[in-house]
Amino acid sequence: MSNSAFLPRSRVLFCGSLESQSMKTITIAVGSTRVPKLNGVWEAIAVIGPTLDPSAQFKVVGEDVPSGVGHTPVSRAESMAGARNRAEALVQMARRNNKNWSYFVGLEGGLDVIFDNGRKMVLLESWAYVTDGSGAGAFGRSGGIEMPERLAAEVLDRGIELSEAVDALAGGRGLRNAQGAWGVLTKNLMTRQDAFCTAVTAAFARFFNPTIYRNT
């Protein structure tokens, strides 16, 4: 299953096929079909697209690929691995199916356990990994938000998937396809989509600002 949409140079977001014959199209593949993730990529491309390539229009396609990690990563390293695994799975998919995709984006949300003056803290983070398929790649992160102890315990101690624990906490259903845990914790001042937008923008920096990253 896949989703796709086009971003014209006007930066207005449209769904469907609005390809212009006079412009080249850069296709960005995303390792998910979940709406907050795809919209997060769209939101990022609306800002960075003209810098990435001012002569192009952008198409985003979503594909379900495995993360290779647990349903809720419980460390920063595991979240980063999940994001990278998704992007690399897309690269392999493109090679097998002869897809003309220019960038491959893996997204993963997870937990990071840290200690501050002996106090255990659990942060929710959203990670992105972007590669052009040629070996060049970069990570980006959303920042983190401290989770309530009872919510963190549901995931870390009881092994419940974060999405299920958040639904139970908020009294909702399918919230990961809407505002997500970020929205629940911030009263929607920052949603799951917002977090992934930040992560994707940061991960693309190596590509839209290559001079400063040269030889790194």
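Residues numbered from 1 in each chain as written. Predicted model: local features only at pLDDT ≥ 70, side-chain atom pairs only at ≥ 80, totals over all residues. Heavy atoms only, no water.

Engineer: I would appreciate a short explanation of the nonpolar core in the present structure.
Structural biologist: If you look at soluble globular proteins, the nonpolar side chains tend to sit buried side by side. One finds Ile28, Val41, Tyr103, Val105, Leu107, Val200 and Phe204 to be the most contacted residues of the largest nonpolar core, which totals 25 residues. Residue assignment for this core shows that the elements contributing at least two residues are β3 (24-30), α1 (35-52), β4 (56-63), β5 (103-116), β6 (119-131) and α6 (192-208). Aside from chain neighbours lying at most four places away, what touches Leu107 is Val30, Lys37, Val41, Ala83, Arg86, Trp127, Ala128, Phe196 and Val200. (Core = buried A, V, L, I, M, F, W, Y, C linked by side-chain atoms within 4.5 Å. Buried < 20%, exposed > 50% of the residue type's maximum accessible area, 1.4 Å probe, protein only. Helix = DSSP H or I, 4+ residues; strand = E, 2+ residues; numbered from the N terminus. Contact = heavy atoms within 4.5 Å.)

Engineer: Explain helix α2 (residues 76-97) here, please?
Structural biologist: Helical periodicity: at 3.6 residues per turn, an α-helix aligns residues three or four positions apart in one direction. For α2, with 22 residues, the first-to-last C-alpha span of 32 Å sits near the 32 Å given by 1.5 Å per residue. Every buried residue of α2 is listed here: Ser79, Gly82, Ala83, Arg86, Ala87, Ala89, Leu90, Val91, Met93 and Ala94. Looking at the buried residues of α2, the elements they touch are β3, α1, β4, β5 and β6. Following α2 by one or two positions, Asn98 adopts a phi angle in the positive range, close to 55 degrees. (Expected span 1.5 Å × (residues − 1).)

Engineer: Just to check I follow, could you spell out unusual backbone geometry for this structure?
Structural biologist: When glycine is set aside, most residues are seen to have a negative phi, and most peptide bonds are trans. Residues other than glycine seldom take positive phi values, yet Asn98 does so here, at roughly 55 degrees. Inspection of the secondary structure assignment puts Asn98 in the loop between α2 and β5.

Engineer: Sorry if this is basic, but what is going on with the side chain of Ser32 here?
Structural biologist: By the element assignment, Ser32 lies in the loop between β3 and α1. Classification of Ser32 as buried rests on a relative accessible area of 5%. The contacts of Ser32, once residues within four sequence positions are left out, are Lys37, Leu38, Gly62, Glu63 and Asp64.

Engineer: Just to check I follow, could you spell out helix α4 (residues 162-170) for this structure?
Structural biologist: Buried within α4 are the following residues: Leu162, Ser163, Ala165, Val166 and Asp167. At its buried positions, α4 is contacted by β6, α3 (149-156) and α5 (180-186). In the segment just after α4, Gly171 is the residue with positive phi, at about 70 degrees.

Engineer: It is not clear to me how the pattern of salt bridges should be interpreted in this structure. Could you clarify?
Structural biologist: Side chains bearing opposite charge may pair, as long as their charged atoms lie close to each other. Here the structure, examined in full by the defined rule, presents 8 salt bridges. We note a salt bridge from Arg86 to Glu108, for which the minimum N-O separation is 2.7 Å. Here Arg86, found in helix α2, pairs with Glu108, found in strand β5; they are 22 residues apart in sequence, far enough to count as distant. A relative accessible area of 14% places Arg86 in the buried class. With a closest N to O distance of 2.9 Å, Glu154 and Arg158 form a salt bridge. A residue is classified by how much of its surface remains accessible, and Arg158, at 54% relative accessible area, is exposed. It is possible to trace a salt-bridge network through shared partners that takes in Arg76, Asp112, Glu125 and Arg141. (Salt bridge = Lys/Arg side-chain N within 4 Å of Asp/Glu carboxyl O.)

Engineer: In this structure, what is going on with the layout of surface pockets? I would like to understand it.
Structural biologist: Each pocket or cavity is described by its volume, and for the largest pocket that value is around 500 Å³. Forming the boundary of the largest pocket are 29 residues, of which Lys37, His71, Glu161, Arg176 and Arg192 lie nearest the centre. When contributions to the lining of the largest pocket are tallied by element, the ones reaching two or more residues are β5, β6, α4, α5 and α6. Partitioning the lining of the largest pocket into residue classes produces 9 nonpolar, 11 polar and 9 charged. (1 Å grid on protein atoms, 1.4 Å probe; cavity = no way out; pocket = protein on both sides within 12 Å on 5 of 7 lines; lining within 4 Å. Points joined across faces, edges and corners; volume = space filled by probe spheres on them. Nonpolar A, V, L, I, M, F, W, Y, C, P; charged D, E, K, R; others polar.)

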